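Geometric and topological summary
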Amino acid sequence: MSQHEPSRSFFYRNQFLIYRLFSLSGLIPVGAFLVVHLLTNASVLGGAGAFQSRVDMIHSLGPLLVPIEWAFIFLPMLFHATVGFVIIAGGLPNVGSYPYVGNIRYTLQRATGMIAFVFIIWHIMHLHWLGTPFGGGKFDPHHATSSAATALQPLGISLLYAIGVLSAVFHFANGLWTLGITWGLWTSPAAMRRASYLSIGVGVLLGAAGLGALGGMRSTNVEQARAIETRMEDVKHMLDGQGGAGNAPAAGTALELPQLKLTPPLP
Amino acid sequence: MSRSHASAGTSGADGHASPTAGTTVHVRVLRQDAPAQESYWERHDVPYEPNMNVISVLQRIAAAARAKDGRRVAPVAWDCNCLEEVCGSCTMLVNGRTRMACTALVDKLLEENPEEIELKPMSKFPVVRDLVVDRGRVFRALERVQAWVPVDGSYDHGPGPRISPEQQEDAYPLSTCMSCGCCLEACPQFTKIEVHQRSGESVEQLAQRRDEAYDDGFVGAHAISQAVLFNNHPTGKMIADERMTALTAPGGIQMCGNAQNCVAVCPKQIPLTRSIARAGRAATVWAIKKLFDR
Ligand code: HEM
Ligand code: SF4
Ligand code: SF4
Ligand code: FES
């Protein structure tokens, strides 16, 4: 304690700015991504076709997808996590002596941040193509539901996902409330109470979406999902082969076209 | 004889009745003879008296100057002054929680833990001796944010601006801060900084080195709240920008992690989270203003 050395690093000199960017990054883009991601996943509750068409929409970005992923998801998340770990290291949790609700939330905010960090890395390795060299990368964007369902259905995996998703959701919902204090969005007791309702609402909604998606994947019939996906892909290829949607559809395609709408009928 | 026996029996029967005369209060004190020395536990027995507080317990311990085992010991040292929770000098850890010794009532403490009362010095400040700590960093933080109304000068400025009753009501709770340091002791973001005198170092050199070390650390909830108080005072406002510079400097408001322990333990029940949020808003506006004003 006596060897306290005043450090004059870049990080130290720009502490305020970096902490504010950290706080902002938790909401935009990382938090915003979490919301979109969990709601997209929850679309599997509408059937394999519904989820597949959402995934197709995202993948229609084509070669832009990779730079967008890095610029708006991976790098901001790495920044947030790096600063987050610095903050965690600088704190001295004391729920044992001061077991107040605010303090428990403070401690959980740090615990769930670290769980989310481990989970997200494992999750990327498990499903994202970046994990392919490590035996992961199990998600196939052309067979979104069937590949995800196959990967997620083992009970142990489902449980780990439930823990990871709920940690991220708590972290985001509670972080939303503290973010309002950090930036001074809610300053009166009444406003703070309303902010609590907002945070709880966001947390419950996202938690339901996350667990719903997981439940949807678990109850998916992989064979049927695969059939639907294959049919959707055939239609896409056929349309591409015809030189775009502007041309008159060839015979036979007309029958299949309705399946491009979100919910194709099951065979 | 039989009377005292009967009364002891009554209080024992329902278990939670306050102890009667003749009962012994067991006290465990974490002692330290001087800065940078090892600390050690010492047990003391004090005869119970009605309406005791921790200060009167410490007075009995000092008067006896004997540990529980009968050894003669130096009286336990502690700080106090007003004895009515306004001076802020008697902060210590009573049963593990930061609070004012003068308003920590023995009857209440025995309800919390009938076995004993545990006394420790604050853990975030350098121990001077036993329960006496150096709270200098609390005051240094007030200097950092210039927690005062700047009216010094050589001529009369005339009367200050009027303050509306609404403003007074807003400011009054914040003005009751007594620099006790409870909010800092309980804050998980506020960590101890202790600077020891080097051999051959003058008192002035030590003081300067200590201030520099303190200035790197988190200012703390009390200073944030005082900055809010004086930035909303019509005369104090005149140096609002300097206070915002201090609040957004390293160790400023950004170090707060929103644990809200400060507001939970503040003996004056100052709405510290509210102050932190208001300072956060002011810092947001200030940072944006600075971005475009340069
Ligand atoms: C990946 C590992 C992560 C770590 C280690 C981490 C760590 C932290 C920590 C320690 C805080 C508290 C900061 C403070 O109040 O002083 C925090 C706040 C926050 N985090 Fe994270 N986090 C992570 C991921 C995420 C994710 C995935 C999201 C979004 C879904 C997120 C959103 C937020 C938000 C909104 C805040 C509130 C910021 C504020 O209080 O101003 N974090 N994070
Ligand atoms: S804000 Fe409260 S706890 Fe902190 S120093 Fe002032 S009176 Fe003590
Ligand atoms: S709200 Fe901020 S200042 Fe108060 S105890 Fe928590 S971290 Fe410390
Ligand atoms: S002696 Fe003044 S606050 Fe306790």
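Just so you know, these numbers come straight off a predicted model, no measurement behind them.

**A closer look at the site of ligand 1**
Near ligand 1, the surroundings consist of 23 residues, among which S23(A), H80(A), H171(A), T178(A) and T182(A) are the closest. Each of chains A and B places residues next to ligand 1. T178(A) is positioned such that a nitrogen or oxygen atom in its side chain is 2.7 Å from an oxygen atom of ligand 1. Between ligand 1 and T182(A), the relevant distance is 3.0 Å, taken from an oxygen atom to a side-chain nitrogen or oxygen of the residue. Where the shell around ligand 1 is concerned, the elements lending two or more residues are α2 (15–27), α3 (30–42), α5 (65–90), α6 (101–127) and α8 (155–183) of chain A. Tallying contributions element by element places α8(A) first for the shell around ligand 1, with six residues. In the shell around ligand 1, the residues fall into 10 nonpolar, 12 polar and one charged.

**What to know about the nonpolar core**
Within the largest apolar cluster, 50 residues are counted, with the highest numbers of intra-cluster contacts made by F218(B), I224(B) and I276(B). Looking at this core, the element that brings in the most residues is helix α8 (residues 221–231) of chain B, giving seven residues. If you count residues domain by domain, this core takes at least three from each of domain 1 (23–129) and domain 2 (135–293) of chain B. With sequence-adjacent residues up to four places away left out, I276(B) is seen in contact with I181(A), A221(B), I224(B), I253(B), C256(B) and C262(B).

**Re helix α7 (residues 144–152) of chain A**
For α7(A), the buried fraction is high: eight of the nine residues fall into the buried class. Where α7(A) is buried, its residues contact α4 (48–59), α6, α8, α9 (189–218) and α10 (222–241) of chain A.

**Some words on the interface of chain A and chain B**
With 38 residues of chain A at the contact, the number on the chain B side is 43 residues. Both sides of the chain A and chain B interface together cover about 3100 Å² of buried area, and 57% of this is carbon and sulfur. Looking only at chain A, the three residues that lose the most surface to chain B are F16(A), Y98(A) and T187(A), adding up to 20% of its buried area. On the surface where chain A and chain B come into contact, there are zero salt bridges.

**A few points about the packing of aromatic side chains**
Applying the stated criterion across every chain yields a total of eight aromatic pairs over all chains. Plain terms: the ring middles of Y98(A) and Y100(A) are 6.2 Å apart, the flat faces sit at 40° to each other, and that makes the pair tilted. Taking the centre distance of 5.2 Å and the plane angle of 55° together, the rings of W122(A) and Y161(A) count as tilted. Here W122(A) is found in helix α6, whereas its partner Y161(A) is found in helix α8, with 39 residues between them in sequence. For Y161(A), a relative accessible area of 4% gives the class buried. Members of the aromatic cluster, each reached through a chain of ring pairs, are F119(A), W122(A) and Y161(A). One Lys or Arg, R110(A), reaches over the ring of Y106(A) and ends 3.7 Å from the middle of that ring. Lying across the ring of W41(B), R28(B) places its NZ or CZ 4.2 Å from the centre.

**Some words on the site of ligand 3**
By nearness alone, every residue bordering ligand 3 is listed as C187(B), Q189(B), F218(B), A221(B), C256(B), G257(B), N258(B), A259(B), Q260(B), N261(B), C262(B) and I276(B). For the shell around ligand 3, the per-class residue count stands at seven nonpolar, five polar and no charged.

**Details of the side chain of T40(A)**
Looking at the element boundaries, T40(A) is found in helix α3. Not counting the four nearest positions on each side in its chain, T40(A) is found in contact with F51(A), R54(A) and I58(A).

**Notes on the pairing of strand β1 (residues 24–32) of chain B**
All names here are of chain B. Across the nine residues that make up β1, a large majority, seven, are buried. Where β1 and strand β2 (residues 39–47) come together, nine bridges link them in antiparallel fashion. Counterpart to T24 in the pairing with β2 is P47. Between β1 and β2, which pair antiparallel one after the other, the connecting turn spans six residues, and A36 there sits at a positive phi close to 65°. As paired elements, β1 and strand β5 (residues 117–120) share three bridges and run parallel to each other. Considered in β5, the bridge of V29 is made with L119.

Thresholds, definitions, all that
- Residues numbered from 1 in each chain as written.
- Chains lettered and ligands numbered in written order.
- Predicted model: local features only at pLDDT ≥ 70, side-chain atom pairs only at ≥ 80, totals over all residues.
- Heavy atoms only, no water.
- Near = heavy atom within 4 Å.
- Polar contact = N/O pair within 3.5 Å; in protein donor to acceptor, adjacent residues only side chain to side chain.
- Helix = DSSP H or I, 4+ residues; strand = E, 2+ residues; numbered from the N terminus.
- Nonpolar A, V, L, I, M, F, W, Y, C, P; charged D, E, K, R; others polar.
- Core = buried A, V, L, I, M, F, W, Y, C linked by side-chain atoms within 4.5 Å.
- Buried < 20%, exposed > 50% of the residue type's maximum accessible area, 1.4 Å probe, protein only.
- Domains from an automatic or database assignment.
- Contact = heavy atoms within 4.5 Å.
- Buried area = accessible area lost by both parts, 1.4 Å probe.
- Salt bridge = Lys/Arg side-chain N within 4 Å of Asp/Glu carboxyl O.
- Phe/Tyr/Trp six-rings, centres within 6.5 Å; stacked < 30°, edge-to-face > 60°.
- Lys NZ or Arg CZ within 6 Å of the ring centre and 35° of its normal.
- Pairing = 2+ DSSP bridges.

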